[in-house]
Amino acid sequence: MNIIPRPLHYVIKEHAIKLGKSTKITGDFAGAVKFAKEFFASFEGGQGTSLKFVKDEYVAEEGYVISTDKAEESVTVSASTEAGAYYALMTIEQSAYKDGQLHCTDIQDKPRYKHRGFMLDCARHFWTVEKIKEILEIMSRLKMNVFHWHLTDDQGWRAEIKKYPLLTQKGSVRKSTPLSLKGYLRGKEPRDNTPYGEGCFYTQEQMRDIVAFAKERHIEIIPEIDMPGHMVAAIACYPHLSCRGEETEVSVRWGVMDNILCCGKEEVYSFAKDIIDELCEIFPGKYFHIGGDEVPKARWQKCPLCQAKIKEQNLKDVNALQGYFNNVIAEYLKSKGKAMIGWNEILDAHDIMDKDIIAQWWTRRKGDKNEFAWMEKGGKIVISMVNYVYMDHPYNVRPLSKTYSLAAEKLGVMNENNVVGMEIPQWTEYIRDVDKLDMLTMARLTAFSEVCWTPAEKRNYNDFEQRLEASREYLDGIKCRICPQAIYSGKTHPRLKFTCASKWNLWRVYPDYEFDEMKKMLARKESEK
Ligand code: TNX
């Protein structure tokens, strides 16, 4: 059975039932019935067969049971939620995609984690509404249910905010783009000197459309507005939001910028709240992501207004100032019925932080003291550990098997109650086109869907790889383009391995090198045919 993610329990029977456009499709879940009718409409036959969706409150949330009866030529799906019925259909479709033949299997399935996410950086490079919908479609077939939308960063602002029109008029465009890390630290990297980003933003109408598309497929969209760091694009539009108030440009460098929002100024809090007001009208989900990563505090140290705020609020230091900012925003979000998520650096101020904030754990620092202290207090986390899941790094640094091997226990998490779920991010500094995006994203997304869905004790990499290879035709059909095995297994450039020791090297080896190699390899294979 080539189902990905692997179902929890299944029994394979010998026969098959041929479903098709004449199959009688009925039941309690209108969404699943609609999608099932659409799917089977393209297959001839199915007379005398039935597919029935039945509501059963005893089935786990998002879980489903499929039972087949050959004598009756019937397939029955039981679920307690629309999402569960939908996931049952996704399983059926994977099994019957070729000709409508459903190989009879009785399945009892449910997800390991509640939060099964993918993050896409649309700030460094912009991805069209069509591409995002294509990804959402793939995600839902892999039973993933959270799309974390990284909408803003130093190098571009991509979400229309009516109250601050400059953000997308001016903040969406940067003058040039670094193309490689070779020579980057010396300012000698190759560059594309054409301005990037004119008109590259999502209108509020487009964001609403994407939310609706996702909702039909049981995906919640979490918008991220990264603050108080990674805000140069906004500061370029509204310089008074920074400590020094100087004019600046949308960033043309990657990395961590000193120029951040001034948390000593009231305008910064009202700016953040105005943006939240507009976005909460568009994104009905329960979460809002405030970024909070990589916030250098050098400017706050010297800023009289930040120092005054620290005194006024009786805060310990500049880290606590970020904690204060987080609490103000978290409280505001709460008043709108939302929960706040931030990258794990926000835990630098965990001692004063609202306990309901969720930390997205991507990097290990200071022996992870803050992270473990947070969990001990019952704090919640989403796991996105860089050395397992970062998709922007090359496969020779991080083969698919490494991503597949992620488990909370491996990070030292003692109590699974702390874990809301897992997320895999795709950062796009060096990803400029859809081919490269897919090459670095799709195989890992597929592997990761199983990490989130199937309990660790039921997972086995070799078995997964076999199913992946056997599923290529199905995956191609849903536009989930899996790169060649030789690429995702990471065996393409053994000679580069030794250069991958430092954080910078992670990127250095990857930008265009691996991609060009892959293209050459494919061309060679083609000519050999
Ligand atoms: C770190 S992960 C970042 C991003 C970069 C990424 C590159 C995180 C919260 N911050 O700004 O794009 O590394 O891998």
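Everything numeric here is computed off the predicted structure, so don't read it as measured data. (Residues numbered from 1 in each chain as written. Predicted model: local features only at pLDDT ≥ 70, side-chain atom pairs only at ≥ 80, totals over all residues. Heavy atoms only, no water.)

1. Thoughts on helix H10 (residues 318-335)
Consideration 1: When the terminal C-alpha atoms of H10 are compared, their 26 Å separation across 18 residues agrees well with the 26 Å that a helix rising 1.5 Å per residue should span.
Consideration 2: Where H10 begins, the capping side chain belongs to Asp317, and its oxygen is found 3.2 Å from the backbone nitrogen of Asn319.
Consideration 3: Downstream of H10 by one or two residues, Gly337 has phi in the positive range, about 80 degrees. (Helix = DSSP H or I, 4+ residues; strand = E, 2+ residues; numbered from the N terminus. Expected span 1.5 Å × (residues − 1). Polar contact = N/O pair within 3.5 Å; in protein donor to acceptor, adjacent residues only side chain to side chain.)

2. With respect to the environment of Ile210
Consideration 1: Here Ile210 is to be found in helix H5 (residues 204-216).
Consideration 2: The exposure class of Ile210 is buried, given its relative accessible area of 0%.
Consideration 3: Separated by 110 residues in the primary sequence, Ile210 and Gly100 place their C-alpha atoms 30 Å from one another. (Buried < 20%, exposed > 50% of the residue type's maximum accessible area, 1.4 Å probe, protein only.)

3. Comments concerning empty space enclosed by the protein
Consideration 1: Tallied over the full model, the rule gives two cavities of 30 Å³ or more.
Consideration 2: Here the largest cavity is characterised by a volume of approximately 70 Å³.
Consideration 3: The wall of the largest cavity is formed by Met1, Ile3, Ile66, Thr68, Thr91, Ile92, Ser95, Leu102, His103, Thr105 and Ile107.
Consideration 4: Elements represented by at least two residues in the lining of the largest cavity include exactly strand S4 (64-69), helix H2 (82-96) and strand S6 (101-109).
Consideration 5: The element contributing the most residues to the lining of the largest cavity is S6, with four residues.
Consideration 6: Put simply, the second largest cavity is a space of about 30 Å³.
Consideration 7: Lining the second largest cavity we find Ala330, Lys334, Lys338, Ala339, Met340, Asp354, Asp356 and Ile357.
Consideration 8: Sorting the residues of the lining of the second largest cavity by element identifies H10 and strand S15 (339-343) as the ones contributing at least two each. (1 Å grid on protein atoms, 1.4 Å probe; cavity = no way out; pocket = protein on both sides within 12 Å on 5 of 7 lines; lining within 4 Å. Points joined across faces, edges and corners; volume = space filled by probe spheres on them.)

4. Let's talk about a nonpolar patch on the surface
Consideration 1: Together, Met1, Tyr10 and Ile12 line one region of the surface with nonpolar side chains, adding up to about 250 Å² of accessible area.
Consideration 2: Along the chain, Ile12 falls in strand S1 (residues 9-18).
Consideration 3: A residue is classified by how much of its surface remains accessible, and Ile12, at 51% relative accessible area, is exposed. (Patch = residues over 30% accessible without salt bridge, like charges linked within 9 Å, V, L, I, M, F, W, Y side chains within 5 Å. Areas by Shrake-Rupley, 256 points an atom, 1.4 Å probe, with all protein chains shown as cover. Salt bridge = Lys/Arg side-chain N within 4 Å of Asp/Glu carboxyl O.)

5. So, the state of the cysteines
Consideration 1: As enumerated under the stated definition, the model contains zero disulfides in all.
Consideration 2: Cys122 provides the cysteine sulfur closest to Cys200, a residue in no disulfide bond, and the two sulfurs are 11 Å apart.
Consideration 3: A disulfide-free cysteine, Cys452 has its sulfur positioned 14 Å from the sulfur of Cys480, the nearest such atom. (Disulfide = S-S within 2.5 Å.)

6. Description of the sheet that holds S1
Consideration 1: Sheet architecture is open: six strands sit in the order S1-S6-S4-S5-S3-S2, paired in mixed fashion. Each edge of the open sheet is held by one strand with a lone partner, namely S1 and strand S2 (24-27). Pairwise comparison of adjacent strand axes, ignoring direction, gives a mean angle of 20 degrees for this sheet.
Consideration 2: Two strands pair when backbone bridges link them, and S1 and S6 are joined in this way by seven bridges, in the antiparallel orientation. From the neighbouring strand, Lys18 faces S6, where its bridge partner is Gln101. (Pairing = 2+ DSSP bridges. Axes fitted to C-alpha atoms, helices over the stretch in contact; angles between N-to-C directions.)

7. Here's the deal with the site of the ligand
Consideration 1: Around the ligand, a shell composed of 12 residues is seen, among which Arg124, Asp293, Tyr390, Asp392 and Glu429 lie nearest.
Consideration 2: The separation between a nitrogen atom of the ligand and a polar side-chain atom of Glu294 is 3.4 Å. (Near = heavy atom within 4 Å.)

8. What to know about the domain arrangement of the protein chain
Consideration 1: By the assigned domains, the protein chain splits into domain 1 (9-109), domain 2 (115-483) and domain 3 (498-528).
Consideration 2: The C-alpha centroid of domain 3 is placed 26 Å from the C-alpha centroid of domain 2. (Domains from an automatic or database assignment.)

9. Brief notes about unusual backbone geometry
Consideration 1: Residue Pro5 is reached from Ile4 by a cis peptide bond, and omega for that bond is -5 degrees.
Consideration 2: The residue Pro5 is located in the segment before S1 in this model.
Consideration 3: At the junction of Met227 and Pro228, the peptide bond is cis and its omega measures out at 5 degrees in the coordinates.
Consideration 4: Structurally, the position occupied by Pro228 is in the loop between strand S13 (220-224) and helix H6 (232-237).
Consideration 5: One non-glycine residue with positive phi stands out, namely His218, at about 65 degrees.
Consideration 6: Within the element layout of this structure, His218 appears in the loop between H5 and S13.
Consideration 7: In the Ramachandran plot, His230 falls in the positive-phi region, its phi being about 50 degrees despite a non-glycine side chain.

10. Quick word on the packing of helix H3 (residues 129-141) against H5
Consideration 1: Contact pair H3 / H5: the axes reach a minimum separation of 10 Å and the direction vectors enclose 15 degrees. Classified by the angle their axes make, H3 and H5 are roughly parallel. Between H3 and H5 lies a crossing of right-handed hand. Residues Val129, Ile132, Lys133, Leu136 and Glu137 of H3 lie in contact with H5, whose contacting residues are Gln206, Asp209, Ile210, Phe213 and Ala214.
Consideration 2: Looking at side-chain class alone, the contact of H3 with H5 contains six nonpolar, one polar and three charged residues. (Parallel < 35°, antiparallel > 145°, perpendicular 65-115°, else oblique. Left-handed = near helix turned anticlockwise from the far one by under 90°. Contact = heavy atoms within 4.5 Å. Nonpolar A, V, L, I, M, F, W, Y, C, P; charged D, E, K, R; others polar.)

11. What about the side chain of Glu278?
Consideration 1: With respect to the helices and strands, the residue Glu278 is situated in helix H7 (residues 266-282).
Consideration 2: No salt bridge is formed by the buried Glu278, whose closest oppositely charged neighbour, Lys162, lies at an N-O distance of 6.4 Å.
Consideration 3: Ignoring anything within four residues of it in the chain, the contact list for Glu278 reads Glu160, Ile161, Lys162, Lys163 and Gln204. (Lys, Arg positive; Asp, Glu negative; His and termini not counted.)

12. Some points on the packing of aromatic side chains
Consideration 1: Per the stated rule, a full pass over the model turns up 25 aromatic pairs.
Consideration 2: Their ring planes at 25 degrees and their centres at 4.9 Å tell us that Tyr404 and Phe464 sit as a pair that is stacked. Of this pair, Tyr404 sits in helix H13 (residues 400-404) while Phe464 sits in helix H15 (residues 461-470), placing them 60 residues apart in sequence.
Consideration 3: For Tyr404, a relative accessible area of 3% gives the class buried.
Consideration 4: Chaining the aromatic ring pairs together yields one cluster made of Phe118, Phe126, Phe147, Trp149, Tyr202 and Phe283.
Consideration 5: The ring centre of Tyr113 lies 4.5 Å from the NZ or CZ of Arg112, which sits over that ring. (Phe/Tyr/Trp six-rings, centres within 6.5 Å; stacked < 30°, edge-to-face > 60°. Lys NZ or Arg CZ within 6 Å of the ring centre and 35° of its normal.)

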